[in-house]
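In case you want the letters, here they are:
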Amino acid sequence: MQKFFKRLLIFGLLSSLLILLSIISILWTYSNKLPDYKYLKNYKPPVSSKLYSGNGVLVSDFSSEKRIFVPYSAISQTVINAFLSAEDKNFFDHPGVDAKGVVRAIKNNIFNLLYSKRLEGASTITQQVAKNFLLTNEVSIDRKIKEAILAFRIERVLSKKRILELYLNQIYLGEGSYGIASASLRYFNKPISELNYGEAALLAALPKAPSKYNPYKNKELAKFRRNLVLNNLLDNGFIDQKQHSKLINSKIKLQKRKRIYLEDSRYYVEDVRKDVIDKYGYDKVYKQGFNIKTPLDLELQKIATQSLRSGLQAVSYTHLRAHETREDRGWRGRGGKKKRGGGGGGGGGGGG
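Scope of this entry: the structure provided in the associated data block. (Residues numbered from 1 in each chain as written. Predicted model: local features only at pLDDT ≥ 70, side-chain atom pairs only at ≥ 80, totals over all residues. Heavy atoms only, no water.)

## Considerations on helix 8 (residues 197-205)
Side chains of residues three or four places apart in an α-helix project in the same direction, reflecting 3.6 residues per turn. Counted residue by residue, helix 8 has 9 buried out of 9 residues, so it is predominantly covered. Within helix 8, the full set of buried residues consists of Tyr-197, Gly-198, Glu-199, Ala-200, Ala-201, Leu-202, Leu-203, Ala-204 and Ala-205. Among the structural elements, helix 2 (77-87), helix 7 (180-188), helix 9 (219-235) and helix 10 (241-248) are those in contact with the buried residues of helix 8. (Buried < 20%, exposed > 50% of the residue type's maximum accessible area, 1.4 Å probe, protein only. Helix = DSSP H or I, 4+ residues; strand = E, 2+ residues; numbered from the N terminus. Contact = heavy atoms within 4.5 Å.)

## As for the pattern of salt bridges
Summed over all chains, the structure comprises 9 salt bridges. Arg-186 is paired through a salt bridge with Glu-175; the nearest N and O atoms lie 3.1 Å apart. Of the two residues, Arg-186 sits in helix 7 while Glu-175 sits in the loop between helix 6 (160-170) and strand 4 (177-178), which places them 11 residues apart along the sequence. Overall, the relative accessible area of 25% leaves Arg-186 in the partly exposed class. (Salt bridge = Lys/Arg side-chain N within 4 Å of Asp/Glu carboxyl O.)

## Some details on the packing of helix 4 (residues 125-134) against helix 5 (residues 141-157)
Running from N to C, helix 4 and helix 5 point in directions that differ by 110 degrees, and their axes come no closer than 8 Å. The pairing of helix 4 with helix 5 is recorded here as roughly perpendicular in orientation. Two secondary-structure elements touch here, helix 4 through Thr-126, Gln-127, Ala-130, Lys-131 and Leu-134 and helix 5 through Arg-143, Lys-144, Glu-147, Ala-148, Leu-150, Ala-151, Ile-154 and Glu-155. Split by residue class, the contact of helix 4 with helix 5 holds 6 nonpolar, 2 polar and 5 charged. (Axes fitted to C-alpha atoms, helices over the stretch in contact; angles between N-to-C directions. Parallel < 35°, antiparallel > 145°, perpendicular 65-115°, else oblique. Nonpolar A, V, L, I, M, F, W, Y, C, P; charged D, E, K, R; others polar.)

By themselves, these observations are geometric and do not establish any function.
Next up, the structure:
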């Protein structure tokens, strides 16, 4: 019996050693193929440049991605709590990978496979930062291993606040909006400081599938996903039962940001755009968030355009009157086509 336990102990130790060597070998192999992650210390996401009229009205913006960067200090706790509840409730406690979350996902996925349900992920916010900034969206074990290694390394270099700041400013939230500030304006026409838990929960519901849960396209599905986040907020102690009951039964109220369609000033705006690109370069204008102030007066521009059109119509009318014969004369209207009365004219029909 002692020999059996002794052999079992030796087998266990050898197995453990073999597993440990395998893990070290995998980590060593992948460590030499990982992208540089230290630049995230000073990374700033691309933000749009905005063009304003003389009285401060936003006229247009130039951007490759619609984003307004907000530092961590300006992000409300309501928004932070909503995203932690939706994506990574143990974010401030784990070292980059959540071991409990991995075990939970493996256990749940066994049942998901048996019942042909969608598999769960166990990516932390740090892992998502690693994927979004340094890797691709390829679904593979290879990427997951790289993602996990990078997550541990990122946690050693960056603070939790910086990681969360990067994540909340980088993520795509549908409707062409990147980052929480841009999405807040797009869906609610509010700064993030004014969002309540119901609105913050809706934004936190979007990263999983921005198109699928888009409230403009499918409000019921968006509400279902929002309510799951509200349930998590209750479970995590961020809201109480009374708040939860009120919010979970509330309708989703969207308010698009009022956009100014400036047909009258589009040539002026285009000239300004070309000028600043010539002066500073395309990348700076479209990624570094310039505030471009112009003397443009929208009301005067509207009046000028109307005057120009009226003048052109008057010139056209005068020119036509000067070159037509007496028989051809008659009011031609805005399009320059002659208008005749009905009935007259033999054999040709009344409309002429």
